[in-house]
Structure formats: structure tokens, C-alpha cells
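# Commentary on secondary and tertiary structure
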Amino acid sequence: MSPKKRTADDLDGGGEPSTVRQPKKLFPIFSEPPSGPERNQDATFRWISPALGPNRTCLHGLNLSPKSSPKVAAFDLDGCIIQSSFPKKGIPPSQFHWWRPSVPGKLKELHDQGYSIIIITNQALRSAALADWRKKVPFIAAALPDVPFRLLAATARDGFRKPMPGMWYELVRIFAQDSVRIDLQESFFVGDAAGRAGDHAGTDRKWALNVNIPFFTPEEYFLKLPTASYTLQGFHVSSIPKDVPLISPTSTPLLPAPSAPEIVLFVGFPALGKSSFYRTHFEPAGYVHVNQDTLRTRDKCVKAALEAVQNGKSCVVDNTNRDAQTRKHFVNLAQKSDVPIRCVVFNGSIELAWHNNLYRAYNLPPSLVEKNPKRDLVPYTAFTSFRAQYEEPQLNEGFTQIRKVNWTFEGDEEQRQRWSMWLQIDGR
Ligand SMILES: Nc1ncnc2c1ncn2[C@@H]1O[C@H](COP(=O)(O)OP(=O)(O)OP(=O)(O)O)[C@@H](O)[C@H]1O
């Protein structure tokens, strides 16, 4: 049996068992709803998700009264605890199949050994399907009457969605309220999206790598099968070329000395680090920052650049400046004002730019979030349209010099750790 294909709009992150032996028979727990919808009234499960607020896309539910323990046994839902929670026409929410019959017993055993049982699931379903899915969960809980557990479900393509670590941060925050610090070595995560041949993704393994806890596939954990080989697809910062100079050519310094008024025009994908580079290298030298994100229109940027040079100041035009026509506005201004204009091109792939975009929107360390205003995710179309319309800057556009910047990470250990995580959501 091959894994059933789902669309990104339907569901991702769980998946039906996609490798190794499939059971010949399903194991229905309920073939009928036990006593209709009213069955939920005495259910042990309750949703406690906030309806509003920044965490509203992360659903949160409790079976019984789970305790916070330093030992966390975390499980994916679909293709791991149950076979699939994907709603199907004509199948009541009460009906589901354990991934294997041994699953409920194993969960009970872990609870008895003092583990906190946590279900971590991606459920980016359309609203009607999500409503059906929410009805299903209490039935799964009812079949685990002596296993207290906590369930977190990411319902949107945002920082909560595996492999992004948002659900883990949420767990750490909740446990901290009970003064419990999770022991990473004693904890583990089991999931079927493990990057094995035939797996629909490597999302679960990436999530465990991100949060730095041991990972097992359901076959390894529940069936004790040998570890399977895997390959993780998608962008990771370890693929960025090393040992390239930060600025090339290296023959002249980045800043002229003694400093004379000039315009420096940045070129590069959104989120490739242009503003960070400005703050590190140009702001300390007194360059005025001209940026369309803050000024809103190009006319205002041209005006701000003109004002800077008229006041005898240098400035950096920190926009994407994708083509010659866009750049011409500033070249003309420089020529009219009789100041040199140089171009600084940011090397770096669309994948790195998108990664930084995810990092900036969802995974900055709290210390950085406090310092900087929160930046929303820039839509992917901004990256593809930059790529489609990009024209490599040429000296004959009127530049006195063109420099290339190779992105190099600057930040403390916590920043580097968060930036080095797998952030790309499947498919992008
Ligand atoms: N060299 C670097 N070291 C560490 N982090 C960086 C570096 N460059 C960029 N970043 C991080 O990547 C994210 C995007 O960087 P930044 O906002 O500077 O990009 P940008 O090109 O100015 O983006 P935009 O064009 O969207 O304004 C930020 O979170 C930033 O902290």
C-alpha cells in the first residue's frame, strides 16, 4: 500500500504509516459512535485553547489532568498514535484506528513511569475539516481513560507548525508555570515524517533535531525495528558556502577614508540581511538609513537620499533595488548632486532569504524580539518576483564601484542556535 497523497491545504505533518509493514487488518476501536454526540458530555478531554491572542493558531487540549514532568514522551498523532485523523466523508469522528494495537498500552506504561505524554500534531485543515477533527480528538482520549495527556495542534502555516519549534516553546512555557524544566536527554519524540524512503516528509525528525531531543520512528519505538536510513530535504544553513570573504573584491575597504558624502545602494532579496549589514557597518560611520519599509514610497526614499547628500551626509538606500530601472532613480540623483554612488550586492540564495524571513518572523530569541519591532512574514511572492525581475547591477548603470557581500552570521550562541534550526515548512 502506498501512502495516500494529501494536498497542502488539506493536511500535512502526520500521515499514514508510510514505511515498512502495514497491518493487513485495521483495528477499529469504535465502529459506531458509542452513544452519539452526547458521548462527549462525560468525556475526559477538554479543549483549553485561547480563542484569541497570539497563540490562537495553536490548539491546546487536555485529557484528564496531566502533570508536568521533566521527562516528556512526545508523539505525533497521525501515522504514529492513530493511523489517520484525516476526516473522510461518511466516517464519523468517533471512528479511528490505533496505529498498532500496542499503542495505548505503551502510552499507559510511559505514564506509569512518570513521563508527561504530549501529542504534537500539525493539522492545517480547512475550517470545516478542522471542526470535524476537533470532534475526533475526545474519542481518542476516551479510549485512553487512564492516560492523562496534553495535545498541541498547529492549525496554520506559522511558527507553531512543525518543523518550526513553536509548540515546543509553548510546552516549555507551560511547564515553567509549574516550575518544571524539561530534561532534554530524558525526553523523546516519535513521529512518522522521518525522511525515510517513502515518507511524505522529514518534518518530525527535523522538529526533534530543532528542539534537541532524541527521535524515533513509530516502527523503531513501538515495534523495536532497526533504525532506518533517511535523508532530510530542504534548506539548512549548513549548506551555505564557508570560507568566502565577507566582502569582495577584498582589495579596498568597504568605507572610503576620509569619508566623503556618497550614496550606497543595496541590492538583494528581502530578508537577506541588508538592514543588519547597514546597522553593523554603515550606521556607526554616520550613514543615513533610507528604507522603503519605513518611508513607504520610492519618491520619499529619493527625497530622503537627496536631503542627506544636500546636508553633506552619506546615505545607504536599503531597498531590494531589483532592476536597473529602479536603481536609475538613485543614480540620477547622485549624478545631479555630484556625489558618487556605489552598489553593494548581497549574494545569497532565495532559500537563505526565505529562511531568514522565517527566522525573523517566528524564531528570534526573546531578547532580540524585545529590541526590534516584530516583523511579519514577507510573502513568498516577494521573493519569486525579485528573482524573476532581477538584473545584475553593472558599472555602466553609473556606479563608481560594485561590491559583493557574502552573508555571514553575526550573533550570540542563542541567536545562532535558533537561526540554525530547520525552519522551512514542507513545500516551501
Ligand atoms: N549577518 C547576519 N547575522 C545574523 N542574523 C542576520 C544576519 N543578516 C540577517 N540576519 C537576520 O535575518 C533576518 C533578516 O535580516 P534583515 O532584516 O537585516 O534583512 P533585510 O534584507 O534588511 O530585510 P528586508 O529587505 O525585508 O527589510 C533578521 O532577523 C536578521 O537578524
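Calculation criteria
- Residues numbered from 1 in each chain as written.
- Predicted model: local features only at pLDDT ≥ 70, side-chain atom pairs only at ≥ 80, totals over all residues.
- Heavy atoms only, no water.
- Helix = DSSP H or I, 4+ residues; strand = E, 2+ residues; numbered from the N terminus.
- Buried < 20%, exposed > 50% of the residue type's maximum accessible area, 1.4 Å probe, protein only.
- Lys, Arg positive; Asp, Glu negative; His and termini not counted.
- Salt bridge = Lys/Arg side-chain N within 4 Å of Asp/Glu carboxyl O.
- Polar contact = N/O pair within 3.5 Å; in protein donor to acceptor, adjacent residues only side chain to side chain.
- Near = heavy atom within 4 Å.
- Areas by Shrake-Rupley, 256 points an atom, 1.4 Å probe, with all protein chains shown as cover.
- Core = buried A, V, L, I, M, F, W, Y, C linked by side-chain atoms within 4.5 Å.
- Contact = heavy atoms within 4.5 Å.
- Domains from an automatic or database assignment.
- Buried area = accessible area lost by both parts, 1.4 Å probe.
- Nonpolar A, V, L, I, M, F, W, Y, C, P; charged D, E, K, R; others polar.

This part covers the side chain of Lys136. With respect to the helices, strands and loops of the structure, Lys136 is situated in helix α2 (residues 127-142). No salt bridge is formed by the buried Lys136. Its closest oppositely charged neighbour is Asp78, at 8.1 Å. Only 3.3 Å separates the side chain of Lys136 from the backbone oxygen of Pro93, close enough to count as a polar contact.

With that out of the way, let us pick up the site of the ligand. Near the ligand you find 18 residues, and of these Ser275, Ser276, Arg360, Trp407 and Glu410 are the closest. Taking Ser276, its side chain carries an N or O atom lying 2.6 Å from an oxygen atom of the ligand. Backbone polar atom of Thr408 to a nitrogen atom of the ligand: 2.7 Å apart, as the coordinates give it. Contact with the protein chains covers 89% of the free accessible surface of the ligand, which is 620 Å². Of all the secondary-structure elements, those providing two or more residues to the shell around the ligand are α6 (274-282) and α10 (350-362).

Grouped together as the largest cluster of nonpolar side chains are 35 residues, with contacts concentrated most on Phe266, Phe277, Phe282 and Phe383. When sequence neighbours within four positions are dropped, the list of residues in contact with Phe383 reads Phe269, Pro270, Ala271, Ile350, Ala353, Trp354, Asn357 and Val378. By size, the runner-up hydrophobic cluster in this structure holds 32 residues, among which are Leu77, Cys80, Ile140 and Val147.

For an interface, size is often stated in terms of accessible area lost upon the parts coming together. Split into domains, the protein chain comes out as domain 1 (45-223) and domain 2 (247-420). Between the C-alpha centres of domain 1 and domain 2 there is a distance of 42 Å. Opposite the 6 residues of domain 1 that make contact, domain 2 presents 4 residues. Buried area between domain 1 and domain 2, summed over both chains or domains, comes out near 410 Å², and the portion from carbon and sulfur atoms is 58%. The largest per-residue losses of area from domain 1 upon contact with domain 2 belong to Gly159, Met164 and Tyr169, which jointly make up 68% of the total buried on that side. At the junction of domain 1 and domain 2, the tally comes to 0 salt bridges. Viewed at the interface, domain 2 and domain 1 are joined by 1 residue pair in polar contact (both at pLDDT 80 or more). Its residues placed into classes, the side of domain 1 that touches domain 2 shows 3 nonpolar, 1 polar and 2 charged.

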